[in-house]
Amino acid sequence: RRTLRRAPWETVPFVLAMFVLVLALGAGYWLMQAYLTTQENARIAAYQRVLDNYHVTENADGSLRVTWQDEIEYYAAQYNLQPAFVMAIIRNESSFRTNAESNVGARGLMQLMPDTAEWIAGKLDDTSYTFDKMWDGETNIRYGCWYLNYLSGLFQGDPVLVAAAYHAG
């Protein structure tokens, strides 16, 4: 009796092995896609947390803007300061919160103390000054930039000394 030899792909074990291999490759592909999607979502969430933490918004064109950037740039230019320096002070003092108030009474974005703000108001001839105006972001930035410029004159523009003096009050 003569038996026909079959090619390997014609045998049941071979076909089953190939079927399992195709299933395994498909499952591996699906698992990798799920992993990559999870990683991308985690990256996007981390990026958004950084933006939120530093009060930055991303424009449609991909450029970034800091909260109060227009006012910071305006008053920084008016008082011969680097906008990034002013932003760093604001970030350190209030984390860009206009409603920030310290336990010693400093208020607003740049955390100005009542006596300091009143003194600055006198220097700026702001006859409508009240300490409640320190809750207003633009007014607070204007006063804080004026004060940073004043300190810069005292400390020959050394940013470390200016920042230390500002923070010390």
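Residues numbered from 1 in each chain as written. Predicted model: local features only at pLDDT ≥ 70, side-chain atom pairs only at ≥ 80, totals over all residues. Heavy atoms only, no water.

Q: I'm lost on helix H4 (residues 114–123) in this one. Help?
A: An α-helical turn contains 3.6 residues, so a residue and the one three or four places further along point in the same direction. Thr 116, Ala 117, Ile 120 and Ala 121 are the residues of H4 that are buried. The buried residues of H4 occupy one face: seen down the axis, they fall within an arc of 140°. Of the residues one or two after H4, Asp 125 is the one with positive phi, at around 55°. (Buried < 20%, exposed > 50% of the residue type's maximum accessible area, 1.4 Å probe, protein only. Helix = DSSP H or I, 4+ residues; strand = E, 2+ residues; numbered from the N terminus. Arc of directions from axis to C-beta.)

Q: What should I look at first to understand the packing of helix H2 (residues 69–78) against helix H5 (residues 137–154) in this one?
A: Where H2 contacts H5, the axes come no closer than 9 Å and their chain directions differ by 30°. Between H2 and H5, the crossing angle belongs to the class labelled roughly parallel. Our pair here, H2 against H5, has a crossing hand that is right-handed. Counted together, Glu 71, Ile 72, Tyr 75 and Ala 76 of H2 and Glu 138, Ile 141, Arg 142 and Cys 145 of H5 form the full contact between these two elements. Along the lines of polarity and charge, the residues of the contact of H2 with H5 split into five nonpolar, no polar and three charged. (Axes fitted to C-alpha atoms, helices over the stretch in contact; angles between N-to-C directions. Parallel < 35°, antiparallel > 145°, perpendicular 65-115°, else oblique. Left-handed = near helix turned anticlockwise from the far one by under 90°. Contact = heavy atoms within 4.5 Å. Nonpolar A, V, L, I, M, F, W, Y, C, P; charged D, E, K, R; others polar.)

Q: In this structure, what is going on with helix H3 (residues 83–94)? I would like to understand it.
A: Helix length check: H3, at 12 residues, gives a terminal C-alpha distance of 16 Å against a target of 16 Å (1.5 Å per residue), a fit within 8%. Taken together, the buried positions of H3 are Phe 85, Val 86, Met 87, Ile 89, Ile 90, Glu 93 and Ser 94. Along its buried surface, H3 packs onto strand E2 (64–66), H2, H5 and helix H6 (159–168). Just beyond H3, the residue with positive phi is Ser 95, at close to 55°. (Expected span 1.5 Å × (residues − 1).)

Q: Any chance you could explain the packing of aromatic side chains here in plain terms?
A: Each aromatic ring pair is described using two quantities: the centre-to-centre distance and the angle formed by the ring planes. For the structure shown, the criterion picks out eight aromatic pairs. Judged by centre distance (6.0 Å) and plane angle (25°), the ring pair of Tyr 129 and Tyr 143 falls under stacked. Of this pair, Tyr 129 sits in the loop between H4 and H5 while Tyr 143 sits in helix H5, and the two are 14 residues apart along the sequence. Here the basic side chain of Arg 91 rests over the ring of Tyr 54, its NZ or CZ set 4.4 Å away from the ring centre. (Phe/Tyr/Trp six-rings, centres within 6.5 Å; stacked < 30°, edge-to-face > 60°. Lys NZ or Arg CZ within 6 Å of the ring centre and 35° of its normal.)

Q: Can you help me understand unusual backbone geometry in this one?
A: Phi is mostly negative for residues that are not glycine, and the peptide bonds are mostly trans. Residue Phe 96 is not a glycine yet carries a positive backbone phi of 65°. By the secondary structure assignment, Phe 96 is in the loop between H3 and H4. Positive phi is not limited to glycine here, since Asp 125 has a value of about 55°. The topology assignment puts Asp 125 in the loop between H4 and H5. Under the relative-accessibility criterion, Asp 125 is labelled exposed at 63%.

Q: What's the story with the confidence of the model for the protein chain in this structure? I'm lost.
A: If pLDDT is low for a region, its predicted coordinates should not be looked at in detail. When pLDDT is averaged along the protein chain, the result is 93; 96% of the residues meet or exceed 70. Here strand E1 (residues 56–58) is the element of the protein chain with the lowest mean pLDDT, 88, and H5 is the one with the highest, 98. (pLDDT = per-residue confidence, 0-100.)

Q: I tried to follow the layout of surface pockets on my own but got confused; where do I start?
A: One simple way to see leftover space: roll a probe sized like a water molecule over the atoms. The space that makes up the largest pocket amounts to roughly 190 Å³. In this structure, the largest pocket is lined by 13 residues; those nearest its centre are Glu 93, Ala 106, Gln 111, Tyr 166 and His 167. Top contributing element to the lining of the largest pocket by residue count: H6, with three residues. Residue classes in the lining of the largest pocket are distributed as seven nonpolar, five polar and one charged. (1 Å grid on protein atoms, 1.4 Å probe; cavity = no way out; pocket = protein on both sides within 12 Å on 5 of 7 lines; lining within 4 Å. Points joined across faces, edges and corners; volume = space filled by probe spheres on them.)

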